[in-house]
Amino acid sequence: MSNTMLFQQACDEIHHVHNLIFKTFTVSGAEGQAALSELLTHFTSEFSMTGISGAVIDLAAVTEMFTRIQGKRQGAPIETSEYHCVSLTENTLSVRYLETQHFAGSTTVRRSLVILRREDTGKWRWHYLHETPLSA
C-alpha cells in the first residue's frame, strides 16, 4: 500500500473518531452509549493524551471523562482540517491536524498531533494524542 493511501486511511480515522466523539458528547441514551462503546475500540490499551490544560491522562481517565459527559453537550459537529503527515513508518503514523469544536455557544480551536498504530488487520488505533490550544 502506498504512503498516500496510508495517510488517507489515517485522515479518515481521525475524522471518524471525531464524529464518534461528537455523537458521544451530544446523544443521550442507548445511541450515545453505542457511540461511546465504538469510540473506545479505536484506542490502544496504552493510549494516553496531553489535553489542552497540559494534563497527561491515560485511557482509564479518558474513558471516565467520556462516560461522565456522554449526552450532556449541545453543539455543532467537530471540524478537523489541515492534516499533515509528520512521520510514517511501517506500522506507525503521526499526523498533525487542526480541530475546531463548537459547544455551549463557544468555539475552541486546537492544533493536535496523534500517533496512530496499525494493527495486523490494517486498522489504525490511537496510541497518543497531544492537543495545543489556539486562539479562536
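The structure presented is a predicted model; accordingly, all values stated were derived computationally and were not measured.

Right, let's talk about the overall build of the chain for a bit. A tally of helices and strands in the chain yields 3 helices and 6 strands. When the elements of the chain are put in sequence order from the N terminus, they spell out α-α-β-β-α-β-β-β-β. Computed over its C-alpha atoms, the radius of gyration of the chain comes to 15 Å, within 12% of the 14 Å expected for a compact globule of 136 residues. Oriented by its inertia axes, the alpha-carbon framework of the chain measures out at about 40 × 35 × 25 Å. When the 136 residues of the chain are sorted by exposure, 38% land in the buried category. Put simply, 54% of the contacts in the chain that link residues at least 6 apart link residues at least 24 apart. Of the roughly 7,100 Å² of accessible surface on the chain, 55% is carried by carbon and sulfur atoms. Averaging the positions of the 11 positive and the 14 negative side-chain charges in the chain gives two centres separated by 4 Å.

What follows deals with the pairing of strand β1 (residues 43–50). Counting buried residues along β1, 6 of its 8 residues qualify, which places the element largely inside the surrounding structure. Bridge count between β1 and strand β6 (residues 124–134): 4 bridges; the pairing is parallel. Looking at the pairing, Ser 48 lines up with Tyr 128 of β6.

This part is about the layout of surface pockets. Considering only enclosed or pocket space, the largest pocket measures out at about 430 Å³ in volume. Lining the largest pocket are 25 residues, with Met 49, Gly 51, Met 65, Arg 110 and Glu 131 sitting closest to its centre. Breaking the lining of the largest pocket down by element, the ones donating at least two residues are α1 (3–26), β1, α3 (59–69), β4 (92–103), β5 (106–118) and β6.

What follows deals with the nonpolar core. One recurring pattern in soluble globular proteins: nonpolar side chains tend to sit buried together. Formed by 28 residues in total, the largest nonpolar core has its most connected members in Ile 21, Leu 39, Phe 47, Phe 66, Val 114, Trp 126 and Leu 129. For this core, the secondary structure elements donating two or more residues are α1, α2 (29–40), β1, α3, β4, β5 and β6. The biggest single contributor to this core is α1, with 8 residues. Those residues within four positions of Ile 21 in sequence are excluded, and the remaining contacts are Leu 39, Phe 66 and Ile 78.

Summarising the element assignment, Thr 50 is placed in strand β1. Judged by its relative accessible area of 9%, Thr 50 falls in the buried class. Polar contacts involving the side chain of Thr 50 include one to the side chain of Tyr 128, which spans 2.7 Å. For Thr 50, the residues in contact, after removing those within four places along its chain, are Ala 55, Val 56, Tyr 128, Leu 129, His 130 and Glu 131.

We now examine the packing of aromatic side chains. Counting across every chain of the model gives 6 aromatic pairs. Here Phe 43 and Phe 47 contribute two aromatic rings whose centre-to-centre distance is 4.6 Å and whose plane-to-plane angle is 45°, an arrangement assigned as tilted. On the basis of relative accessible area, Phe 43 is assigned to the buried category, the value being 5%. On the basis of relative accessible area, Phe 47 is assigned to the buried category, the value being 1%. Members of the aromatic cluster, connected to one another through ring pairs, are Phe 22, Phe 25, Phe 66 and Phe 103. Just above the ring of Phe 25 sits the side chain of Arg 73; from NZ or CZ to the centre is 4.6 Å. The residue whose ring lies beneath Arg 73 is Phe 103, and the NZ or CZ to ring-centre distance is 5.2 Å.

Definitions and limits used
- Residues numbered from 1 in each chain as written.
- Predicted model: local features only at pLDDT ≥ 70, side-chain atom pairs only at ≥ 80, totals over all residues.
- Heavy atoms only, no water.
- Helix = DSSP H or I, 4+ residues; strand = E, 2+ residues; numbered from the N terminus.
- Rg over C-alpha atoms; globule rule 2.2 N^0.38 Å.
- Buried < 20%, exposed > 50% of the residue type's maximum accessible area, 1.4 Å probe, protein only.
- Contact = heavy atoms within 4.5 Å.
- Areas by Shrake-Rupley, 256 points an atom, 1.4 Å probe, with all protein chains shown as cover.
- Lys, Arg positive; Asp, Glu negative; His and termini not counted.
- Charge placed at Lys NZ, Arg CZ, Asp CG, Glu CD.
- Pairing = 2+ DSSP bridges.
- 1 Å grid on protein atoms, 1.4 Å probe; cavity = no way out; pocket = protein on both sides within 12 Å on 5 of 7 lines; lining within 4 Å.
- Points joined across faces, edges and corners; volume = space filled by probe spheres on them.
- Core = buried A, V, L, I, M, F, W, Y, C linked by side-chain atoms within 4.5 Å.
- Polar contact = N/O pair within 3.5 Å; in protein donor to acceptor, adjacent residues only side chain to side chain.
- Phe/Tyr/Trp six-rings, centres within 6.5 Å; stacked < 30°, edge-to-face > 60°.
- Lys NZ or Arg CZ within 6 Å of the ring centre and 35° of its normal.

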